[in-house]
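Examination of the molecular architecture
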Amino acid sequence: MAKFQAPKGTRDYYPAEMAWRRYLEGAWQRVSIRNGFEEVEGPIFEPLDLYKVKSGEGIVSELFHFTDRGERELAIRPEFTPTLARMVAEKANALSKPIKWFSMPNLCRAERPQRGRLREFLQWNVDLLGTDSPVADAECIYTAVDLLRELGLTPRHVKVKISHRDVVRRILMRFGVAEDKIQDAFELLDRRDKIPAEEFNEQAGKLGLDQSTLERFNQVARMRVGSQAAWDDIAEQFAIPQEDLEDLAALHEQLKAFGIAEWCEYDMGIVRGLAYYTGSVFEVHEVSGAERAIAGGGRYDKLIEMFGGPSTPAVGFGMGDVVLTLVLADKGLLPDDVTPAADVFVLVADDSARCKMNGIVGALRAAGLHTRFSYKTTTNVGKLLKEAGQCRARFAVILDAKTDQQNTVSVKNLQTGEQSETGIGELVPVLKG
RNA sequence: GUGGCUGUAGCUCAGUUGGUUAGAGCAUCGCGUUGUGGUCGCGAGGGUCGGGGGUUCGAAUCCCCUCAGCCACCCCA
């Protein structure tokens with residue numbers, strides 16, 4: 001019989017991995033909720049057409065798709081945004097604005113796995129719909145930063161790189177790029193570090209840039225400006241007219257007011273591949289550029305209409321678990337064991353007390369304590385304490401020769417080593433206090 | 001989907017120019033019996049050497065195919 005293994009690019013979650021997943025999901029959830037977002041979820045598969053609306057026919061080869069018994073073309077979700085857009089469009093009139101939703105779906109993409117990318121992964125999605133205020137853009141970025149901070153990252157480890165499509169569009173047009181070439185220019189900008197300089201120049205030439213504007217374009221495209229300085233100083237560095245930067249200026253003001261300027265920098269090279277972004281765009285990167293993007297997002301004011309809903313401005317981002325975990329590991333910020341540690345370990349040091357064990361264990365559990373015991377028959381306390389240590393118990397409750405007759409046990413604090421005798425009746429208050 | 005590298009126990013790896021029943025450390029499990037915790041001693045289980053086919057008297061070792069992993073490209077929602 002052939003041995004089975006997990007499909008390419010998927011993961012099994014053994015207790016240690018599952019504990020890490022729950023830990024991460026716990027952080028996502030905690031941060032979302034304290035920032036005022038509500039959790040939503042949808043089906044793990046949708047009509048194939050749902051994904052074509054946003055991304056076109058080309059997306060199909062990247063999807064796991066199938067036909068059901070009713071001849072319906074379906075696809076396992078590769079992203080959550082179309083589901084979210086569908087959900088918002090369906091109840092748009094009934095939902096109070098702004099809509100602040102988050103979700104933590106597992107997603108599947110039929111791509112070759114490589115560093116930072118698997119075929120099935122988790123992604124934290126945060127979306128804020130129904131307002132076009134830059135406060136919303138800034139709040140999304142703030143929420144992302146809040147999560148990064150929650151996991152122990154600092155501005156020395158990661159940066160939010162921010163750009164704005166309208167700003168870049170104005171710059172490009174001022175440099176002589178025609179309206180219908182803007183999308184091509186975005187894509188070129190996105191690839192600027194992946195292609196040789198000559199090819200970049202050649203491609204840029206086709207967009208209508210001449211030698212001098214090309215140089216300035218290149219300069220702006222590669223410029224990174226920290227967001228801590230005063231806006232006038234930042235604007236000056238870009239060396240383009242102030243009025244072209246007004247959208248970024250508005251966002252800057254909000255980021256500064258949220259107190260996260262040191263986490264952010266402006267980078268006109270960030271455009272995101274997606275055509276549907278309409279305003280701000282941003283990505284979270286490890287500072288040295290060692291890994292791919294930790295998170296990415298931006299404003300997409302036209303998307304809800306594309307899914308048949310009313311005109312609804314929106315901004316949001318997605319953060320995958322794979323790159324995030326890699327970065328935390330790179331920085332030594334992965335906690336070594338996040339499986340639930342036991343509160344109490346009950347051990348039997350004398351066979352006469354064995355009849356009392358189940359009752360004590362049950363009473364402790366009924367009081368809400370995470371209680372474990374040994375399945376071994378030995379009364380070797382050394383071995384049993386070792387076992388207690390392995391499940392990281394805070395206390396050991398030792399049942400000895402006096403337990404059966406006098407209803408007393410010894411309680412050992414496994415952190416301090418202190419040990420004292422106590423009556424079974426006082427056990428719960430002693431352990432909880 | 002394309003290309004490169006890799007594949008021996010749960011993990012990290014040994015395994016001499018193809019030569020008898022494939023090893024170590026860690027981990028796991030057991031024992032070391034009136035005992036108090038990440039020691040120590042002894043012992044056990046666990047691999048058809050990723051899988052299949054071929055060359056050969058003989059393959060973990062050479063060849064082909066396949067699967068998986070890693071890395072890059074495509075793409076990155």
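Every chain is numbered on its own, with residues counted from 1 as its sequence reads. Following the order in which they are written, the chains are lettered starting with A and the ligands numbered starting with 1. Since the coordinates come from a predicted model, pLDDT governs what is reported: local features require at least 70, and pairs of side-chain atoms require 80 or more to be given and counted, while whole-chain, interface and lining totals use all residues. Just so you know, side-chain values use all the structure's heavy atoms and leave hydrogens and water out.

**So, the overall build of chain A**
The cut-off we apply is this: Helix and strand assignments come from DSSP, with helices taken as H or I runs of at least 4 residues and strands as E runs of at least 2, each series counted from the N terminus. Buried means the residue's accessible area, taken with a 1.4 Å probe over protein chains only, is under 20% of the maximum for its type, while exposed means over 50%, and partly exposed covers the values in between. Counting rule for charge: Lys and Arg are taken as positive, Asp and Glu as negative, and neither His nor the chain ends is counted. Think of each charge as sitting on NZ of Lys, CZ of Arg, CG of Asp or CD of Glu.
Across its full length, chain A carries 16 helices and 18 strands. With the principal axes as the frame, chain A shows a C-alpha extent of 95 × 60 × 45 Å. Across the 433 residues that make up chain A, the buried fraction comes to 48%. Mean positive and mean negative side-chain charge positions of chain A (55 and 64 charges, respectively) differ by 6 Å.

**Focus on the domain arrangement of chain A**
This is how it is decided: Domain ranges listed in this record stem from an automatic or a database domain assignment.
As assigned here, chain A comprises domain 1 (15-330) and domain 2 (344-432). Computed from C-alpha coordinates alone, the two centres of domain 1 and domain 2 are separated by 53 Å.

**Considering the packing of helix H1 (residues 15-34) against helix H4 (residues 134-150)**
Which entries qualify depends on this criterion: A fitted line through C-alpha atoms represents every axis, and for helices the fit uses only the stretch in contact; the resulting angles, taken between N-to-C directions, go from 0 to 180 degrees. Oblique is the label for every angle not falling under 35 degrees (roughly parallel), over 145 degrees (roughly antiparallel), or within 65 to 115 degrees (roughly perpendicular). In this scheme the handedness of a crossing depends on how the near helix is turned from the far one: anticlockwise by less than a right angle means left-handed, clockwise means right-handed. Every residue pair with non-hydrogen atoms within 4.5 Å of one another is taken to be in contact. Under the convention adopted here, Pro, Cys and the residues Ala, Val, Leu, Ile, Met, Phe, Trp and Tyr are nonpolar, Asp, Glu, Lys and Arg are charged, and Gly plus all remaining residues are polar.
Taken N-terminus to C-terminus, the directions of H1 and H4 make an angle of 135°; their axes are 9 Å apart at the nearest point. Compared by their axis directions, H1 and H4 come out oblique. Here H1 and H4 pass one another in a crossing that is right-handed. Touching Ala27, Trp28, Arg30, Val31 and Arg34 of H1 are Thr143, Asp146, Leu147 and Glu150, all from H4. Per-class residue counts for the contact of H1 with H4 are four nonpolar, one polar and four charged.

**Comments concerning the protein's contact with RNA strand B**
Keep this limit in mind: The nearness test applies per residue and asks whether one of its heavy atoms lies within 4 Å of the molecule or strand. N or O atoms within 3.5 Å of each other form a polar contact, as long as, within protein, one can give a hydrogen and the other can take it, and as long as residues adjacent in sequence are counted only when both atoms are side-chain atoms.
In the region of RNA strand B, 39 residues are neighbours, and Glu79, Arg115, Lys194, Leu274 and Ala349 sit closest. The sugar-phosphate share of atoms of RNA strand B within 4 Å of the protein amounts to 45%. Glu79 places a side-chain nitrogen or oxygen 2.4 Å from a sugar or linking oxygen of RNA strand B. Per element, the largest residue contribution to the surface near RNA strand B is six residues, and it comes from helix H14 (residues 381-390). Here the surface near RNA strand B is composed, by residue class, of ten nonpolar, twelve polar and 17 charged.

**So, a negative patch on the surface**
So the rule is basically this: Exposure above 30% relative accessible area and the lack of any salt bridge qualify a residue for a patch; like charges then connect within 9 Å, and the nonpolar side chains Val, Leu, Ile, Met, Phe, Trp and Tyr within 5 Å. For the accessible areas, the method is Shrake-Rupley and the probe is 1.4 Å, while residue cover comes only from the protein chains on display. Any Lys or Arg side-chain nitrogen found within 4 Å of a carboxyl oxygen on Asp or Glu counts as a salt bridge.
A surface patch of negative charge is lined by Glu179, Asp180, Asp184, Glu187 and Asp190. Looking at where Asp184 falls in the secondary structure, it is placed in helix H6 (residues 182-190).

**With respect to H4**
Rules: Helix span is expected to be 1.5 Å times the residue number reduced by one.
Counted at 1.5 Å a residue, the expected span for H4 with its 17 residues is 24 Å, and the 24 Å between its end C-alpha atoms agrees. The element H4 is extensively covered by neighbouring structure, given that 13 of its 17 residues are classed as buried. Its side-chain oxygen at 3.0 Å from the backbone nitrogen of Val135, Ser133 defines the N-terminal cap of H4. One or two positions beyond H4, positive phi appears at Gly152, with a value near 95°.

**Focus: the packing of aromatic side chains**
Here the distance between the centres and the angle between the planes together describe a pair of aromatic rings. Selection criterion: Under the pairing criterion, centres of Phe, Tyr and Trp rings, with the six-membered ring standing for Trp, must be within 6.5 Å; the plane angle then separates stacked pairs below 30 degrees from edge-to-face pairs above 60, leaving the rest tilted. Put simply, a charge is over a ring when the Lys NZ or the Arg CZ is close to the ring centre, within 6 Å, and near the line of the ring normal, within 35 degrees.
This model, assessed by the stated rule, comprises ten aromatic pairs. Aromatic side chains Phe45 and Phe66 sit 6.0 Å apart centroid to centroid with 75° between the ring planes, which places their arrangement in the edge-to-face category. With Phe45 in strand E2 (residues 45-47) and Phe66 in strand E3 (residues 65-67), this pair connects stretches of sequence that are 21 residues apart. Judged by centre distance (6.2 Å) and plane angle (85°), the rings of Trp231 and Tyr266 are edge-to-face. Of this pair, Trp231 sits in helix H9 (residues 231-238) while Tyr266 sits in strand E10 (residues 264-267); the two residues are 35 residues apart in sequence, bridging distant segments of the chain. Across this residue pair, the class does not change: Trp231 and Tyr266 are buried. Aromatic ring contacts, followed pair by pair, group Trp28, Trp124, Phe282 and Phe317 into a single cluster. The residue whose ring lies beneath Arg21 is Tyr13, and the NZ or CZ to ring-centre distance is 4.7 Å. Seen from the ring of Phe37, Lys100 lies directly overhead, with NZ or CZ sitting 4.7 Å from the centre.

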